[in-house]
Amino acid sequence: MIALGDKKMEVRDYIKKEWVNYIREPSKEGKYEMPYPFITTQKDYDLQFYWDIYFINKAITIDGYFEYALNHVNNFLHAVRFFGYCPNSLSLNGAKWNLQPPLLSLMVKDVYETSKDKKWLKEALDTLLIDYKYWMDNRYDEKSNLNFYDVLISKEEDFLSYFDYVSTRVELDKNVSKERKISIARNYIAQAETGEDFTERLSKLEDPKILSIGLNSHLYGYEKNIAYFYNELGDT
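Residue positions are counted from 1 within each chain, in the order its sequence is given. A pLDDT threshold of at least 70 governs which residues receive local features in this predicted model, and a stricter bar of 80 or more applies before side-chain atom pairs are shown or counted, although totals over entire chains, interfaces and linings include all residues. Side-chain metrics rest on all non-hydrogen atoms present in the structure, leaving aside hydrogens and water.

Asker: Any chance you could explain the overall build of the protein here in plain terms?
Answerer: In terms of regular secondary structure, the protein is built from nine helices and six strands. Whereas a compact globule of 236 residues would reach a radius of gyration of roughly 18 Å, the protein reaches 19 Å, a difference of no more than 12%. For the C-alpha atoms alone, the extent of the protein along its principal axes is close to 60 × 55 × 40 Å. Working definition: with a 1.4 Å probe on protein chains only, accessible area under 20% of the residue-type maximum means buried, over 50% means exposed, and in between means partly exposed. Within the protein, the proportion of its 236 residues that are buried is 42%. For the purpose of counting charges, residues Lys and Arg are taken to be positive, whereas Asp and Glu are taken to be negative. His and the chain ends are not included. Where a charge lies is defined by one atom per residue type: Lys uses NZ, Arg uses CZ, Asp uses CG and Glu uses CD. Computed over 31 positive and 38 negative side-chain charges, the inter-centroid distance for the protein is 1 Å. Under the DSSP-based scheme used, a helix requires at least four consecutive residues in state H or I and a strand at least two consecutive residues in state E, with every element numbered from the N terminus. Just to be clear, the radius of gyration here is over C-alpha atoms, and the globule rule we use is 2.2 Å times residues to the power 0.38.

This is the structure in structure tokens:
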């Protein structure tokens, strides 16, 4: 009989050996070029997604792949400077649909607390302020004084294309009007921005503007981290 502790070590050893099989080289699309190699979330993807990487960075730092944790954050910071925000995934297509939970400041904090590189932190902080400003300028509801999840796209054909995609994953009535398809697609795209797409929690929502306690908690954490970074740099 295998002891539970032995089984855990067997799983841990497998994970540590598998990271190298998920490493991908950076891609170039038109004017957008990802600068550094990265670890993808699934073997059949060649994309660096956003909030998934926060958790992956925790694991790979423990497993001796800190250079990839740094690569991931630098890729995100580069994307913010290119797009003006940190998108759902680092590609021209991924960047046009939606954002994701704003965990970039947490990733910057993790990298900084490992490296203690203040020159890097200063450059990262300048970029974080761009991303934070995007949330406050474009995802802020004056009536409630809360930030919200929504969508980036506005083209009719994109909404209809997303409706077709969603219909491959969940059962939808395709015999509805074009306007209804667009409404359904918009809701699903906004739900994807929360990082909790295709979950029961959000399945009944009909308003794409999602005033999320979780999002506002993340942005409060973003503000706390910005203050921490300024303090670390001696600029209060």
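Read on for the rest.
Asker: Even after reading the chapter, I still don't get the packing of aromatic side chains, so can you show me in this structure?
Answerer: Aromatic pairing here means that ring centres of Phe, Tyr or Trp (its six-membered ring) are within 6.5 Å. Orientation follows from the plane angle: under 30 degrees is stacked, over 60 is edge-to-face, and everything else is tilted. Taken as a whole and assessed by the stated rule, the structure comprises 16 aromatic pairs. Centroid distance Tyr 54 to Phe 55: 5.0 Å. Interplanar angle 80 degrees. Geometry classified as edge-to-face. Of the aromatic side chains, those joined through ring pairs into one cluster are Tyr 32, Phe 82, Phe 83, Tyr 85 and Tyr 134. Our definition puts a charge over a ring when NZ of Lys or CZ of Arg is within 6 Å of the ring centre and also within 35 degrees of the ring normal. The residue whose ring lies beneath Lys 109 is Tyr 228, and the NZ or CZ to ring-centre distance is 4.9 Å. Above the ring of Phe 198, the side-chain terminus of Arg 169 is found at 4.0 Å from the ring centroid.

Asker: I keep staring at the environment of Trp 135 and nothing clicks. Help me out?
Answerer: Mapped onto the fold, Trp 135 is located in helix H6 (residues 118-138). Sequence separation between Trp 135 and Phe 148 is 13 residues, and the spatial gap between their C-alpha atoms is 8.6 Å. Pairs of residues are marked as contacts when any of their non-hydrogen atoms sit within 4.5 Å. Not counting residues up to four positions away in its chain, the partners in contact with Trp 135 are Leu 99, Gln 100, Pro 102, Tyr 140, Asn 147, Phe 148, Tyr 149, Glu 193, Leu 215 and Leu 219.

Asker: Sorry, what's going on with the layout of surface pockets here?
Answerer: Taking a probe equal in size to a water molecule and rolling it over the atoms shows the remaining empty space. With a 1 Å grid laid over protein atoms only, a set of points is called a cavity when a 1.4 Å probe fits there but cannot get out and a pocket when it is open yet has protein on both sides within 12 Å along at least five of seven lines; lining residues have an atom within 4 Å of a point. Grid points are joined across faces, edges and corners, and a volume is the space filled by probe spheres set on the points. Put simply, the largest pocket is a space of about 580 Å³. The wall of the largest pocket is formed by 23 residues, among which Phe 49, Asn 88, Tyr 162, Tyr 165 and Asp 197 lie closest to the centre. Those elements that place two or more of their residues in the lining of the largest pocket are helix H4 (94-97) and helix H7 (156-166). Top element by residues in the lining of the largest pocket is H7. It accounts for three residues.

Asker: Explain the pattern of salt bridges to me, please; I cannot follow it from the model alone.
Answerer: Side-chain pairs of opposite charge can arise where the charged atoms are in close proximity. Should a side-chain nitrogen of Lys or Arg be within 4 Å of a carboxyl oxygen of Asp or Glu, the pair is scored as a salt bridge. Overall, the coordinates contain twelve salt bridges when judged by the stated rule. Notably, a salt bridge pairs Glu 156 with Lys 178, separated by 3.2 Å at the nearest N-O pair. A residue pair is termed long-range when its members are at least 10 positions apart, and Glu 156 in helix H7 and Lys 178 in helix H8 (residues 178-193) qualify at 22 residues. Among the residues examined, Glu 156 registers a relative accessible area of 37% and is labelled partly exposed.

Asker: Help me understand the nonpolar core, please; the structure alone is not making it clear to me.
Answerer: One recurring pattern in soluble globular proteins: nonpolar side chains tend to sit buried together. Put simply, a nonpolar core is a bunch of buried Ala, Val, Leu, Ile, Met, Phe, Trp, Tyr and Cys residues held in one set by side-chain atoms that sit within 4.5 Å of each other. Counting residues in each nonpolar core, the largest one holds 59 residues, and the members touching the most others are Leu 104, Val 108 and Trp 120. In contact with Val 108, not counting residues within four places along its chain, are Val 73, Leu 77, Trp 120, Leu 121, Ala 124, Leu 128 and Phe 229.

Asker: Teacher, can you tell me more about a nonpolar patch on the surface here?
Answerer: Patch definition: residues above 30% relative accessible area lacking any salt bridge, with like charges linked at up to 9 Å and the nonpolar side chains Val, Leu, Ile, Met, Phe, Trp and Tyr linked at up to 5 Å. What sets the accessible areas is the Shrake-Rupley method with a 1.4 Å probe; for residues, cover comes only from the shown protein chains. On the surface, Val 11, Tyr 14 and Ile 15 cluster together into a nonpolar patch covering about 270 Å² of accessible area. Assignment of secondary structure puts Tyr 14 in helix H1 (residues 4-18).

Asker: Would you take a moment to explain the packing of H7 against H8 for this structure?
Answerer: Helix-helix packing: each pair is described by the crossing angle between the helix axes and the interaxial distance. Running from N to C, H7 and H8 point in directions that differ by 75 degrees, and their axes come no closer than 8 Å. Viewed along their axes, H7 and H8 adopt a mutual orientation that is roughly perpendicular. Contacts between H7 and H8 involve Glu 156, Phe 159, Leu 160, Tyr 162, Phe 163 and Val 166 on the former and, on the latter, Lys 178, Lys 181, Ile 182, Ile 184, Ala 185, Arg 186, Tyr 188, Ile 189 and Ala 192. Residues were grouped as follows: Ala, Val, Leu, Ile, Met, Phe, Trp, Tyr, Cys and Pro as nonpolar; Asp, Glu, Lys and Arg as charged; and all remaining residues, including Gly, as polar. Split into classes, the residues belonging to the contact of H7 with H8 amount to eleven nonpolar, no polar and four charged. Only C-alpha atoms enter the line fits that serve as axes; for helices the fit covers just the stretch in contact. Angles between N-to-C directions range over 0 to 180 degrees. To sort the angles, those under 35 degrees are grouped as roughly parallel, those over 145 as roughly antiparallel, those from 65 to 115 as roughly perpendicular, and the leftovers as oblique.

Asker: Help me understand the side chain of Ser 212 in this model?
Answerer: Considering the arrangement of structural elements, one finds Ser 212 in the loop between H8 and helix H9 (213-232). Judged by relative accessible area, which is 14%, Ser 212 ranks as buried. Separated by 3.1 Å, the side chain of Ser 212 and the backbone nitrogen of Gly 214 make a polar contact. Excluding anything up to four places from it in sequence, Ser 212 contacts Asn 147 and Tyr 149. We call two N or O atoms a polar contact when they sit within 3.5 Å, provided that within protein one can donate a hydrogen and the other can accept it, with sequence-adjacent residues counted only if both atoms are side-chain atoms.

Asker: What is the right way to look at unusual backbone geometry in this model?
Answerer: With glycine set apart, most residues show a phi of negative sign, and most peptide bonds adopt trans. Despite not being glycine, Lys 116 has its phi angle at roughly 60 degrees, a positive value. In this fold, Lys 116 is placed in the loop between helix H5 (104-115) and H6. Within the chain, Phe 198 stands out as a residue other than glycine whose phi angle is a positive 60 degrees. With respect to the secondary-structure elements, Phe 198 resides in the loop between H8 and H9.

Distances and angles like these do not, on their own, reveal function.
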